[in-house]
Amino acid sequence: MVLSVWLLHRWARAPHRPLLQLHANIMGLAVAPPAYKLTKKNTWDKSGMTFAVGGTNVFQAPTSNKAVPTLRDQVDRLESLIVDGTISRKHVQHSVALIAISGNDYVLVGDAGGMNIGIGAFVKNVSTEIVSNVQRLQEMGVAKVLVNNIPPIGCAPSQTMPSGFARCDRGGNNYASVQNRDLKRQLRAMDDVHIIDLHTAFTNIVEGENTEVSSFFDERLAPCCKSTDPSGYCGQMGDSDSDFRYTLCKNADKYFYWDEMNPTQAGWEIVMEQLEDPIKKFLELN
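Residues numbered from 1 in each chain as written. Predicted model: local features only at pLDDT ≥ 70, side-chain atom pairs only at ≥ 80, totals over all residues. Heavy atoms only, no water.

Q: Describe the pattern of salt bridges, with residues and values.
A: Taken as a whole, this structure holds 8 salt bridges when the rule is applied. For Arg170, the salt bridge is made with Glu207, and the minimal N-O distance between the two is 2.8 Å. Of this pair, Arg170 sits in helix 7 (residues 170–187) while Glu207 sits in the loop between helix 8 (198–206) and strand 6 (219–223), and the two are 37 residues apart along the sequence. When its relative accessible area of 55% is taken as the criterion, Arg170 is described as exposed. What makes Glu207 partly exposed here is its relative accessible area of 28%. Of the charged contacts, one joins Asp182 and Arg185 as a salt bridge, the two residues approaching to 2.8 Å between their closest N and O atoms. A residue pair is termed a helical-turn pair when its members lie 3 or 4 positions apart in one helix, as Asp182 and Arg185 do in helix 7 at 3 residues. The class for Asp182 is buried, based on a relative accessible area of 12%. (Salt bridge = Lys/Arg side-chain N within 4 Å of Asp/Glu carboxyl O. Helix = DSSP H or I, 4+ residues; strand = E, 2+ residues; numbered from the N terminus. Buried < 20%, exposed > 50% of the residue type's maximum accessible area, 1.4 Å probe, protein only.)

Q: So what about the side chain of Asn148? Which residues, and what values?
A: The topology assignment puts Asn148 in strand 4 (residues 144–148). You can call Asn148 buried: its relative accessible area is 2%. A polar contact of 2.7 Å, which involves the side chain of Asn148, links it to the backbone oxygen of Ile101. With residues near it in sequence (within four places) discarded, Asn148 still touches Ile99, Ala100, Ile101, Leu183, Ile196 and Leu198. (Polar contact = N/O pair within 3.5 Å; in protein donor to acceptor, adjacent residues only side chain to side chain. Contact = heavy atoms within 4.5 Å.)

Q: Can you tell me about the environment of Gly235, naming the residues and giving the values?
A: One can find Gly235 in the loop between strand 7 (225–227) and strand 8 (246–248). With 24 residues separating them in the primary sequence, Gly235 and Asp259 have C-alpha atoms 9.2 Å apart. When neighbours within four sequence positions are excluded, Gly235 is seen to be in contact with Cys225 and Tyr246.

Q: Any details on a negative patch on the surface? Residues and values, ideally.
A: On the surface, a cluster of negative charge is contributed by Glu212, Asp253, Glu269 and Glu273. Mapped onto the secondary structure, Asp253 falls in the loop between strand 8 and strand 9 (255–257). Look at Asp253 and you get partly exposed, because its relative accessible area is 46%. (Patch = residues over 30% accessible without salt bridge, like charges linked within 9 Å, V, L, I, M, F, W, Y side chains within 5 Å. Areas by Shrake-Rupley, 256 points an atom, 1.4 Å probe, with all protein chains shown as cover. Lys, Arg positive; Asp, Glu negative; His and termini not counted. Charge placed at Lys NZ, Arg CZ, Asp CG, Glu CD.)

Q: Go over helix 2 (residues 71–83), please, and point to the residues and values.
A: Its 13 residues place the ends of helix 2 18 Å apart at the C-alpha level, agreeing with the 18 Å of an ideal helix rising 1.5 Å per residue. Of the residues making up helix 2, those classed as buried are Leu71, Gln74, Val75, Leu78, Leu81 and Ile82. All buried residues of helix 2 project into a common sector of 115 degrees when viewed along the axis, lining one side. Positive backbone phi, approximately 85 degrees, marks Gly85, located one or two places after helix 2. (Expected span 1.5 Å × (residues − 1). Arc of directions from axis to C-beta.)

Below, the structure is given as structure tokens:
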């Protein structure tokens with residue numbers, strides 16, 4: 001079984017679905033597991049279940065939609081299905097959990113004043129909560145847990161736009177680096193846990209110079225889908241069906257980023273090509 005927990009930035013219009021699908025393919029599944037919300041009560045699919053919801057965080061942001069479950073809420077849902085017998089403990093013992101994080105807490109919680117305690121303390125709180133939920137999954141009997149680190153968020157188009165998509169924002173990248181170091185420190189001593197190094201895979205592309213993976217894309221810091229409104233978003237419409245508030249590039253495969261935050265399908269494929277072998281080795285699929 002695959003437990004998939006997506007934690008997305010508030011401005012993301014599309015979740016990490018391509019990432020989940022590519023993970024599912026690596027593990028031999030034709031399609032990603034069905035969503036928890038779309039599964040009938042007291043039933044589950046043998047391929048697993050997706051508990052992820054777009055726009056969620058590790059912590060509940062004061063300004064966010066309280067109906068959107070946090071990471072802990074999502075793990076609670078899995079636990080409840082195990083406790084009531086919907087999912088057998090025997091099956092859980094042969095399962096893999098994927099916790100997909102993206103740094104959303106540094107946007108929603110940070111904007112709401114949550115980082116008044118200082119970045120060091122805030123990072124530790126986020127990492128500790130992630131690790132706590134990894135421990136809970138292991139206590140439930142999950143065999144192996146995958147946790148991705150945070151990509152260089154300062155290189156996302158939402159952050160490179162002020163420079164005309166010419167350079168990354170070092171402040172945003174610093175948040176990611178500090179978070180990744182602390183998460184690695186806390187997970188280092190845990191068995192059967194693997195950190196998916198999205199940060200390195202992304203960096204090789206967006207900041208690499210004349211490398212195989214970086215040269216694949218003509219545009220590495222600009223999005224294929226651009227809003228015509230500085231405060232708008234990809235896919236935004238005006239008052240009529242013909243009032244498009246965004247533009248699309250001619251060839252998305254030559255752009256690493258699709259919108260303000262999310263890579264294109266081609267982008268995700270190049271990212272996962274770099275990560276596939278370590279994931280398969282960890283899951284003993286080679």
